[in-house]
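# Fold and contact review
Here is what each chain is made of, one letter per residue.
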Amino acid sequence: MQNLTIQSSVDFVEVFSTSAGAIFQSDSENCWYVDFAGKLARFDYRNILKLKKAVYHIDIEAMLLDNTKSPDVEIIFICACDHCYVLSLIQIIELKELLQGMFVMLELNHIIHDRLCRLIS
Amino acid sequence: MKDIMRVKCLLSSDVETLINQQIKKEAHSSAIYLSMASWCNRNGYDFSADYFFKQAEEERMHQLKFFKYVLDMGGNAVSPEITNVKAEYNSFREVFEEALEQEISVTQSIKNIAARCHKEQDYVTLEFLNWFFREQREEEYKARRALELFDVIGEEGTGRWQIDKHVGQITYSSEA
């Protein structure tokens, strides 16, 4: 898994951040950069939705109640995406919080765009 | 900040989920009607079997219409898994009672999508749904009319044979 480095020319806007990580949007590249678990990963529209679905589908409660001796680790692999996460239970909760915040901010951005477009036109 | 989500997809994730549920519902309806066609055929009700074959075909067409709409708007259409399709019915009348119930439940769930669209001011999807509301008017009329035949003709003697014959002739022509 290779780490990405951000080029200075790329326009970055922070969408949402927590103490565990941050998500940035690049308007010119039409994508998002997720800075989490020690790496920066690039996700396009399709892949960020797949990541959201994968993370939201993890049953955290079942993992917490699971008393078998398996390690509390989940592998998040997204089809047709270069990145894969191997996360502990705490990290899954943190990533879920990060993604939830991101989608709330995107929704807010959508509402603002929607209202502005109507005012202008 | 650009609204990339909107650029890529017209539908909100809630509306997309609801339409995907509707796709499943239409596919389920189609499977149920096929099962009803099979039951009617096995029991000698040939006209009714043909009627349900046609209904199954129509529901499949509705499913594809929703499916294509989600894709055309940039969403993710999910091909549904269909289980729990009833194969046996207690009586000829029961088949039509369940067909009407199915249509009512389809109308309700399309109304549910429309309510969500109103809330989100998604007029594009609302306009698309209008076609289905007109269609449901016809579907519910046909199902109700078929059930009425049981009351009007009665099941005594050659009644069921008459009902079967008349089911094949049910048509609906709306003014608007």
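Calculation notes
- Residues numbered from 1 in each chain as written.
- Chains lettered and ligands numbered in written order.
- Predicted model: local features only at pLDDT ≥ 70, side-chain atom pairs only at ≥ 80, totals over all residues.
- Heavy atoms only, no water.
- UniProt positions renumbered as here; feature names shortened; annotations may be inferred.
- Pairing = 2+ DSSP bridges.
- Helix = DSSP H or I, 4+ residues; strand = E, 2+ residues; numbered from the N terminus.
- Axes fitted to C-alpha atoms, helices over the stretch in contact; angles between N-to-C directions.
- Contact = heavy atoms within 4.5 Å.
- Buried area = accessible area lost by both parts, 1.4 Å probe.
- Salt bridge = Lys/Arg side-chain N within 4 Å of Asp/Glu carboxyl O.
- Polar contact = N/O pair within 3.5 Å; in protein donor to acceptor, adjacent residues only side chain to side chain.
- Nonpolar A, V, L, I, M, F, W, Y, C, P; charged D, E, K, R; others polar.
- Buried < 20%, exposed > 50% of the residue type's maximum accessible area, 1.4 Å probe, protein only.
- Left-handed = near helix turned anticlockwise from the far one by under 90°.
- 1 Å grid on protein atoms, 1.4 Å probe; cavity = no way out; pocket = protein on both sides within 12 Å on 5 of 7 lines; lining within 4 Å.
- Points joined across faces, edges and corners; volume = space filled by probe spheres on them.

You'll find chain B entered in an unreviewed UniProt entry as Ferritin, with Pedobacter heparinus given as the organism. In its Catalytic activity (unreviewed entry) section, UniProt records this for chain B: "4 Fe(2+) + O2 + 6 H2O = 4 iron(III) oxide-hydroxide + 12 H(+)". In its Sequence similarities (unreviewed entry) section, the UniProt record describing chain B reads: "Belongs to the ferritin family. Prokaryotic subfamily."

Take the sheet that holds strand S3 (residues 31–36) of chain A next. Residues and elements named next belong to chain A. Pairing is antiparallel across the open sheet formed by four strands, whose spatial order is S1-S2-S3-S4. One side of each edge strand has no neighbouring strand; the edge strands of this open sheet are strand S1 (13–17) and strand S4 (39–43). Taken over all neighbouring pairs, the strand axes of this sheet differ in orientation by 25° on average, direction set aside. Pairing geometry for strand S2 (residues 21–26) and S3, over six bridges, is antiparallel. Residue pairing across strands places Ser26 opposite Cys31, the latter belonging to S3.

The next subject is the interface of chain B and chain A. Listed by partner, the interface residues are 13 residues for chain B and 19 residues for chain A. Looking at the side of chain B facing chain A, the largest losses of area belong to B:Met1, B:Ile4 and B:Met5, adding up to 49% of the total buried there. Where chain B touches chain A, the interface holds zero salt bridges. Here chain B is connected to chain A by eight residue pairs in polar contact (both at pLDDT 80 or more). In terms of residues, the side of chain B that touches chain A owes the most to one element, helix H1 (residues 4–8) of chain B, which gives four residues. Taken together, the residues of the side of chain B that touches chain A break down into four nonpolar, five polar and four charged.

What follows concerns the environment of B:Glu127. Residues and elements named next belong to chain B. Topologically, Glu127 is positioned in helix H5 (residues 123–153). You can call Glu127 exposed: its relative accessible area is 56%. For Glu127 and Ala114, which are 13 residues apart along the polypeptide, the C-alpha to C-alpha distance reads 9.4 Å.

Attention now moves to the packing of helix H3 (residues 46–72) of chain B against helix H6 (residues 159–167) of chain B. All names here are of chain B. Look at H3 against H6: their axes get within 7 Å of each other, and the N-to-C directions meet at 35°. Taken as a pair, H3 and H6 cross one another with a handedness that is left-handed. Along its contact with H3, which presents Asp46, Phe47, Ser48 and Tyr51, the element H6 presents Asp164, Lys165 and Val167. Partitioning the contact of H3 with H6 into residue classes produces three nonpolar, one polar and three charged.

It is worth spelling out the layout of surface pockets at this point. Considered as a void within the structure, the largest pocket measures approximately 1600 Å³ in volume. Considering the residues around the largest pocket, the lining is formed by 41 residues, among which A:Glu107, B:Leu11, B:Ser12, B:Ser13 and B:Asp14 are closest to the centre. At the level of secondary structure, the elements contributing two or more residues to the lining of the largest pocket comprise helix H1 (45–56) and helix H3 (89–120) of chain A together with H1, helix H2 (13–42), helix H4 (92–120) and H5 of chain B. The element best represented in the lining of the largest pocket is H3(A), accounting for 12 residues. By residue class, the composition of the lining of the largest pocket is 15 nonpolar, 11 polar and 15 charged.

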